[in-house]
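As a plain string of letters, each chain reads:
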Amino acid sequence: MGSKRIFLAVIVSTVVACSGSTGPQGPVGPGGANAPATGTITGNVKDAVALTALAGVTVTVSDTGGTQLATPVTTDQNGDYTVTAPIGTVVVTFAKQYFTSPGNLLVGVVGGQSVTANASMSEASSGKPAISAVTATRTDVGYGATTTVNATASDPNGDTLTYAWSNATVPALGTVTGNGNQATVVLPSMTDAFAYRLESPTAPNQYIAGYVLPDRFGIVPILPDTRGEMSVSVTVTDGRGQSASTSVTVDAASVLTSARNVAIGTKVYLNSGHAGTAAWALTPPTSGSTAALSDPTARTPYFVADVAGTYTVTEGTNTMTIYAGDWKGVITGGSGTSIVVDTNCTMCHGTSGIAPDQFTPWMATGHATMMTRGLGGANSTHYGSSCLVCHTVGNDGGVVNNGFDDVAAAAGWTFPATYSSTNWTNMVASYPTVARLANIQCENCHGPQNSTAHMATGTTGDFQSPRIGYSAELCATCHASGTGHHNYSEWASVDKTSGMGHSNRTDAMGIGTRGGTLNSHCGRCHAAQGYTVYATQLAAGNPGTIPSGSPVLTQVTTANVESVTCTACHDPHSVANPSQLRFYGDTPLLAAGFQMFGVGKGAQCMTCHNSRNATLTGGGTYLHEDGAQNPTSYAAPHQACQTDVFGGRNAYFLGSSTPMTSKHAAVADTCVGCHMTNNPETHLSHGSPAVSTHAFRITDANRSTLCANCHSTSVDGEAIAAGVEASLANLGATISNAVKAKMNGAGLVTVTAYDAASDAYSAATQVNTATNAVTAVSMVEIHGQIGFNVTFANPVNLTFNGTAKSMSTFGVQLGSIQDAAGANALYALSGNLVRAGWNYFLVEGDQSKGIHNPTFVNTVLNTTMAQNLTN
């Protein structure tokens, strides 16, 4: 406000006694003092968040037109200031580097007086602290080991910074403890890192499969899921409301395939295959190696392959040789999205025939040009440098061994800032040594070329080669949940959640290699190595067992057999079929005695998922249908008989109505269409939902969702499933009662008992059912044969491998229920009972409760119930 002027009016009252003349005017008195022309503005400036004084703030006074009226001043250490300004309305502004202005303040200056103008200022984004976090060792720290992560931070204002550390690993692994700018990180133990666990609290049905150590000697594969990867996060705060965060990844181990051919510098983990104290010994190369076992008594010790050469490890009676060498790479040129392969490689592995030509088919696969296409933007907009861990050769930050990351760093190559069709061409031209190791090449799966293992396959054969692996873990070094792909996690999780599945190694070791080596019958489908041989047979029109002279039968044992892994279904070197499947479209002649046509990707599934009991000795097949020959044995259909049911084949009592193909054949890719492409199960891939294609099974909870893909939302198949279950139970009871009546009516019967507890068969034993009647019978498959659990009124004395047992209830195969003399089966192969038993197990073994082919299944059950089962 302006200065105040006070006017004082003085009235003088005079009493005049008489009138007189006016006197002369007196002199002018001295002038009064001028009013003050200026005033002062004082105030204090604080931080709007911290509420502390701000020193060094520049305070400027201007008129409303912007003309500066006084020399600017700065706030002192306490945030205080004083400035002299002319009277009237002025504009006061505040400025400080890294802070935002509170705006213009209009202040009325009073002459000779002081007015107060306080302000608060907020820190600008330019004042935000900066941070980086580094650690001396990021990869291969060790399971259960401790390391430190140091944060380096700075602040433009020189503010005192505080640090907050956290373990950002999801799911939680290891521990992180912060102390100022340093954190102590304890990596997870191998047990914790290998655990089957929920991947994310927000995805309750999404799991990391982890890895179960098999009870056998060998290398421990290390996957993205099991490497004990931790995300350590730190946030630095400046106390003014601003902070900065970053995180760093720390790994307990580097990724390691199951092949016995590794890169120099690799930390190789070993598995004794048994609990308790081990007795390991290591013989490293004689030239320059200082390799030693971390703990010779542990089940899973490790050593570092520090130089090229061979490392021999022994534990007990087991021995293996591990080879080490450097990466080489095979790409010598290319442009656009094409590649050129080193002629030194194709000289042998080419059309010359000296060695198998794997380059020609490999070059047509997506693996061969994965990074090449990614640089051009073909692999989606999220493609970046982090993808190169899998999409290049030897990319391992934990060791320097001529891998892609080492060569790229030495050459100065960095991932392009923008996608361009010329990026690959330019890389080949300007960084040829880097391009040589680009894409997914031979060495990603087979290990480094520059090792003596390269030529070992010629003497060991494919099934014992140190460079060739059939394990799913070899593929899982890239195709696991830790890389955004869930193929391995889904494949392995099925076994863990249901006890059944392609990943069931117990089946491979116990069924695929019965007797210690690969079984020529079961090993066809219960072992990855066996199936690769069998697939070749099938394609050639031979669905029989693996020939006795095949190397796979002797080279594959319980020590190296693999379950139905990726390599079983997918040919890693071929693109003859979609998804690199071994079969597509039409199936070959199946071991069930028929073919399926136009079934798309489902053809792959059908080669094993059929009754598999139609091959004849000496070659050829027959059908378990009316008009065909009598069954050759009392065998039940193989449990995985979905193709027979889907195709409406191999059922008795249907006359000429077979085949009765399911209407679900209209679904594209048949089996794959429902169980993979349209599976309701999903996972997060690179942050977005994706179908869990390798979960395979359709749960009861998901059945209605699946059906709604083609039908209305009201279709769930529940009535079909419930009806089939009831009818199947009724048929089983009818068959069982028929067997019970026939055994009791025979008087004397001879049985060969089966004891499920010991998995043993008894000697043939005669039982008098007139005095020891059969009281109960129920159907059960016994070692692939139609069988029954039979209960007698009184215990029967039996002998199992020389050991006497007295049992009232035991199993017996249909063909082992014989007459009094033990010469003939009570039920002939030409009769109805064996056919009814086949039909029962055909429907039961399909496991879909009729959903695969409702019309066929109900027809089979109804017509079988109508048969005379006395013969």
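The text that follows walks through the structure, step by step, so that each part is easy to find.

Thresholds applied
- Residues numbered from 1 in each chain as written.
- Predicted model: local features only at pLDDT ≥ 70, side-chain atom pairs only at ≥ 80, totals over all residues.
- Heavy atoms only, no water.
- Helix = DSSP H or I, 4+ residues; strand = E, 2+ residues; numbered from the N terminus.
- Rg over C-alpha atoms; globule rule 2.2 N^0.38 Å.
- Buried < 20%, exposed > 50% of the residue type's maximum accessible area, 1.4 Å probe, protein only.
- Contact = heavy atoms within 4.5 Å.
- Areas by Shrake-Rupley, 256 points an atom, 1.4 Å probe, with all protein chains shown as cover.
- Lys, Arg positive; Asp, Glu negative; His and termini not counted.
- Charge placed at Lys NZ, Arg CZ, Asp CG, Glu CD.
- 1 Å grid on protein atoms, 1.4 Å probe; cavity = no way out; pocket = protein on both sides within 12 Å on 5 of 7 lines; lining within 4 Å.
- Points joined across faces, edges and corners; volume = space filled by probe spheres on them.
- Nonpolar A, V, L, I, M, F, W, Y, C, P; charged D, E, K, R; others polar.
- Expected span 1.5 Å × (residues − 1).
- Pairing = 2+ DSSP bridges.
- Axes fitted to C-alpha atoms, helices over the stretch in contact; angles between N-to-C directions.
- Disulfide = S-S within 2.5 Å.

## Quick look at the overall build of the chain
In terms of regular secondary structure, the chain is built from 24 helices and 35 strands. Against the globule reference of 29 Å for 871 residues, the chain gives a C-alpha radius of gyration of 42 Å, more extended than a compact globule. Projected onto the principal axes, the alpha-carbon positions of the chain cover approximately 175 × 75 × 55 Å. The buried share of the chain, taken over its 871 residues, is 47%. When contacts within the chain are restricted to residue pairs at least 6 apart in sequence, long-range pairs at least 24 apart make up 63% of them. On the chain, roughly 38,600 Å² of surface is accessible, and the fraction owed to carbon and sulfur atoms is 53%. The average position of the 33 basic charges and that of the 48 acidic charges among the side chains of the chain differ by 2 Å.

## Points about empty space enclosed by the protein
Across all of its chains, the model carries one cavity of 30 Å³ or more by this definition. When its volume is computed, the largest cavity comes out at roughly 30 Å³. Lining of the largest cavity is provided by Ile331, Thr332, Gly333, Val428, Pro432 and Ala435. Of all elements in the fold, only strand S26 (331-333) and helix H8 (432-435) reach the threshold of two or more residues within the lining of the largest cavity. A per-element tally of the lining of the largest cavity places S26 first, with three residues. Taken together, the residues that form the lining of the largest cavity break down as four nonpolar, two polar and no charged.

## Brief notes about helix H12 (residues 487-498)
With twelve residues, H12 should cover 16 Å at 1.5 Å per step; its first-to-last C-alpha distance of 17 Å lies within 8% of that length. Taken together, the buried positions of H12 are occupied by Tyr488, Ser489, Glu490, Trp491, Ala492, Ser493, Val494 and Asp495. At the C-terminal side of H12, Gly499 shows a positive phi close to 80 degrees.

## Section: the sheet that holds strand S24 (residues 309-315)
Here four strands make up an open sheet; going across it, the order is S20-S25-S24-S22 and the pairing mixed. The open sheet has two edge strands, strand S20 (261-263) and strand S22 (280-283), and neither has a second partner. When the angles between neighbouring strand axes are averaged without regard to direction, this sheet yields 25 degrees. Pairing between S22 and S24: four bridges, direction antiparallel. Among the inter-strand pairings, Thr283 is bridged to a residue of S24, identified as Thr312.

## Section: the state of the cysteines
All told, the structure shown has one disulfide when counted by the stated rule. Disulfide pairing places Cys525 opposite Cys608 at an S-S distance of 2.2 Å. What sets the handedness of the Cys525 and Cys608 disulfide is the S-S torsion sign, and at about -95 degrees it is left-handed. Of this pair, Cys525 sits in helix H14 (residues 523-526) while Cys608 sits in the loop between helix H18 (602-606) and helix H19 (642-647); the two residues are 83 residues apart in sequence, bridging distant segments of the chain. Both residues of the pair, Cys525 and Cys608, count as buried. Between Cys475, a free cysteine, and Cys566, which holds the nearest cysteine sulfur, the sulfur-to-sulfur gap is 3.8 Å. Distance from the sulfur of Cys707, which forms no disulfide, to the nearest cysteine sulfur (Cys674) is 8.0 Å.

In short, the description is geometric, and any link to function would need to be established separately.
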